[in-house]
Amino acid sequence: MNDHNNLELPVIQYTVWPADLHGHRFQVKLRIQNPHPTGQILKMPAWIPGSYLIRDFSKNIESILAYTESNQNQKLDLERIDNDQWRLPMIAEPVIVLTTIYAFDSSVRTAYLDSERAFFNASSLCLAVKGQEYLPCALALVSPETASTDYWRVETSLRNAKTDARGFGYYLAKNYDDLLDHPVAMGEFQMIQWESNGVPHKMAIQGCIHELDAMRLASDLKAICSSTIDLFDPKIKQAPFKSYLFLVNAVLAGYGGLEHRNSTALLCRRDQIPQKDTPLDEASYREFLGLCSHEYFHAWLVKRIQPKAFQPYQLDRRNFTRLLWLFEGFTSYYDDLQLLRSKRIDLKTYLQLVADNWNSILRGPGRNHQSLADSSFDAWTKYYQADENTPNAVVSYYGKGTLLALGLDLKIRQFTNNDKSLDDLMRLIWQKHGVTLAGMEENGLDALILSLLGAGFTKTWNAFKSLYIFGVEDIPLQKWFDPQFINVEQKIQSKIERIKLQFGMRHTEVNGWFKVTHVLNGGAAQEAGLAAGDLLASINGERITSARWDKVLGGLTEGQALNLCFYRDDLEHERIAILKPSQTPIQYQLTPNH
């Protein structure tokens, strides 16, 4: 241990400076008290838990050097092992490793720095000391040395050891994995605070110009968080953490979240957050509350209830599991359900959200080709590396996983005459795998379901798995909803809606041109030979632009032959297509049966 103003620090110490705000560069100093005498290896993670894509964070390292603490002028040779690893020479005294890292990714997954704010996940900045990852470590945060940042503060869920009034100073982590699980934000914040079931919660928001409607935000978030705590622990109503932090970056355009054990990092649009004297789109705000609900639910499911394949995370390679339909799909089911239960939305609105997701899955040809189990396993290379053929080849383990959770909930309620529900299964999973932190085996849900419902449910569950998890059958919710409570009807679609579905094409606008981005299997666009990247110029002699798309389609009729003119690689092509009613996927609408 070293003495820093009477503070005892661990043998692994990181110091992070927002060193170059305009150049977007952090500097990180790593102090290793006891490097391995035969040559300490340093490793940078290749991915961040919760986002299943190899991102190679080492690519942002601009410089790296090492020296002994006793002689800072004597640089040590660093051997490159591969893109993510370096080896120190044989040495038997404390070593300093200094890195400069470029950070200009505004997502929740990496690191960002400019004159307005700083944000990072330690997986983007902090090298692991191989073989010593289990040891406690310290993180020191240093304030930028510019007058423009005099009002910057620090927000993080890391354990505070010794900091100043603005939060700069020393924090402690149990080990390297713990360090990676606490994102850090710096800058100026608007703060919301509340208690849910006696647990302090905070939301720190950056990017909003106007004063927040703090009372509304706190009221809505308190209700959602309390409802989720009650779900997993209905008797004692106790959360698995002592405090919780939402870190929010509000931008012009962006959306996403990443879960952590005691916090979450969120990205949203400014117009999704209620601000005083500013019009609010209620549907957009509801989407933001759904994002908060989703990431908060992950504090139980994913951060504590985990696939055994993630224990421990191996951050230098892909970690495969066929269970993401459970961990993400069930979370997606509950995120909107918790809005309903906490009375943030009514039943009519909730059923509309369910129907929108259901119809979206039914419009995707990929559901006929990829199972939920395979979608989970292939997330690394397919879901997270989407291309122009993704809608034809991939089904979302989020979207279809949500439908699966709803379907299983309905089947459990039907089997037990509403005596039990998916809530009971979630609480059982929590006791078995969350409280104990014992990872779930790939087939681990089988025993839990049968212990809850008995052997009589075996046939139903085996068929459920075969058809909807390992098979590609559509989940027949229309057969499982209780008509006493929910009306299920085929959605009556307008003429333009039907024609768009029959066309089977997605598009964008580029420099005034109508550019094809995706062509769906079985649609008129594919039959005509259109491909992603084509510029559609006209239909039956009428010019196509994004502004005229609906107008031109409105003049077409089903069964009509269409003459399509388009450009590919600046060469003109003409093709014939026919709109067919058989190309229209079934869509549903759900309404309460009062």
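Remember, predicted model here, so these are calculated numbers, not experimental data.

Caption draft 1: Expanded view of the pairing of strand β22 (residues 256-259). Bridging between β22 and strand β23 (residues 263-269) involves 4 bridges; their strand directions are antiparallel. Opposite Glu259, over in β23, you have Thr264 as the bridge partner. Count of turn residues in the β22/β23 antiparallel hairpin: 3 residues.

Caption draft 2: Here's a closer look at the environment of His433. Checked against the element boundaries, His433 lands in helix α11 (residues 422-434). The exposure class of His433 is buried, given its relative accessible area of 7%. Spatially, the C-alpha atom of His433 lies 32 Å from that of Leu42, the residues being 391 residues apart in sequence. With sequence-adjacent residues up to four places away left out, His433 is seen in contact with Arg304, Ile305, Ala438, Gly439, Met440 and Leu448.

Caption draft 3: Spotlight on the pattern of salt bridges. Under the counting rule described, the total for this entry stands at 25 salt bridges. Close ionic contact of Arg216 with Asp220 constitutes a salt bridge, the shortest N to O distance being 3.7 Å. Taken together, the residues span about one helical turn, with Arg216 and Asp220 both in helix α3 (residues 214-232) at a distance of 4 residues. Here Asp220 falls in the buried class, since its relative accessible area comes to 8%. Put simply, Asp409 and Arg413 hold a salt bridge, and the shortest N to O gap is 2.9 Å. Taken together, the residues span about one helical turn, with Asp409 and Arg413 both in helix α10 (residues 399-415) at a distance of 4 residues. Connected through salt bridges with shared partners, the residues Arg216, Asp220, Glu282 and Arg344 form a single ionic network.

Caption draft 4: Structural detail: the packing of aromatic side chains. What the rule picks out here adds up to 38 aromatic pairs. Taken together, a centroid distance of 5.9 Å and an interplanar angle of 25° make the contact between Phe464 and Trp480 stacked. Of this pair, Phe464 sits in helix α13 (residues 458-469) while Trp480 sits in helix α14 (residues 477-480), and the two are 16 residues apart along the sequence. The pair formed by Phe464 and Trp480 is uniform in burial state, with each residue classed as buried. An aromatic cluster is defined as three or more aromatic residues linked by ring pairs; in this entry it consists of Trp47, Tyr52, Phe310, Tyr313, Phe320, Phe377, Trp380, Tyr383, Tyr384, Tyr397 and Tyr398. In this structure, Arg322 is placed above the aromatic ring of Phe377, and the distance from its NZ or CZ to the ring centre is 4.3 Å.

Caption draft 5: Representation of α11 in the model. Along α11, the residues classified as buried are Leu422, Asp423, Leu425, Met426, Ile429, Trp430, His433 and Gly434. Down the axis of α11, the sector holding all buried residues measures 155°, keeping them to one side. Packed against the buried residues of α11 are α3, α4 (282-297), α5 (324-341), α10 and α12 (444-453). One side-chain oxygen of the residue at the start of α11 lies 3.2 Å from the amide nitrogen of Asp423, identifying that residue as Ser421.

Caption draft 6: How the structure looks around the sheet that holds strand β11 (residues 111-113). Ordered by their spatial adjacency, 4 strands build an open sheet running β11-β12-β18-β15, and the pairing between neighbours is antiparallel. Here the strands that pair on one side only, and so sit at the sheet edges, are β11 and β15 (153-156). Taking the axes of each pair of neighbouring strands and ignoring which way they run, one obtains an average angle of 15° across the sheet.

Caption draft 7: Region of the structure containing the nonpolar core. Grouped together as the largest cluster of nonpolar side chains are 153 residues, with contacts concentrated most on Tyr14 and Leu179. The element contributing the most residues to this core is α5, with 9 residues. Val516, Val519, Val552 and Leu579 belong to the second-largest nonpolar core, a separate cluster that totals 22 residues.

Caption draft 8: Representation of the pairing of strand β25 (residues 505-510). Two elements, β25 and strand β26 (residues 513-519), share 6 bridges in a ladder whose sense is antiparallel. When the sheet's bridge partners are listed, Arg506 is paired in β26 with His518. A loop of 2 residues connects β25 with β26, the two strands running antiparallel in sequence, and Asn511 in this loop sits at a positive phi of about 50°.

Caption draft 9: Up close: the side chain of Gln370. By secondary structure assignment, the location of Gln370 is in the loop between α6 (347-362) and α7 (372-377). Separated by 2.9 Å, the side chain of Gln370 and the backbone nitrogen of Val395 make a polar contact. Excluding residues within four positions of it along the chain, Gln370 makes contact with Ser375, Asp378, Lys382, Ala393, Val394, Val395 and Val472.

Caption draft 10: Highlighting the packing of α10 against α13. Between α10 and α13, the least distance of the axes is 12 Å, while the angle of their chain directions is 165°. In terms of orientation, α10 and α13 fall into the roughly antiparallel class. Both α10 and α13 take part in a crossing whose hand is right-handed. Note on element contacts: α13 touches α10 through Thr460, Trp461, Phe464, Tyr468 and Ile469, opposite Lys400, Leu404, Gly407, Leu408 and Lys411. Across the contact of α10 with α13, the residue classes tally to 6 nonpolar, 2 polar and 2 charged.

Rules and cut-offs
- Residues numbered from 1 in each chain as written.
- Predicted model: local features only at pLDDT ≥ 70, side-chain atom pairs only at ≥ 80, totals over all residues.
- Heavy atoms only, no water.
- Pairing = 2+ DSSP bridges.
- Helix = DSSP H or I, 4+ residues; strand = E, 2+ residues; numbered from the N terminus.
- Buried < 20%, exposed > 50% of the residue type's maximum accessible area, 1.4 Å probe, protein only.
- Contact = heavy atoms within 4.5 Å.
- Salt bridge = Lys/Arg side-chain N within 4 Å of Asp/Glu carboxyl O.
- Phe/Tyr/Trp six-rings, centres within 6.5 Å; stacked < 30°, edge-to-face > 60°.
- Lys NZ or Arg CZ within 6 Å of the ring centre and 35° of its normal.
- Arc of directions from axis to C-beta.
- Polar contact = N/O pair within 3.5 Å; in protein donor to acceptor, adjacent residues only side chain to side chain.
- Axes fitted to C-alpha atoms, helices over the stretch in contact; angles between N-to-C directions.
- Core = buried A, V, L, I, M, F, W, Y, C linked by side-chain atoms within 4.5 Å.
- Parallel < 35°, antiparallel > 145°, perpendicular 65-115°, else oblique.
- Left-handed = near helix turned anticlockwise from the far one by under 90°.
- Nonpolar A, V, L, I, M, F, W, Y, C, P; charged D, E, K, R; others polar.

Read these as spatial facts, not as claims about activity.
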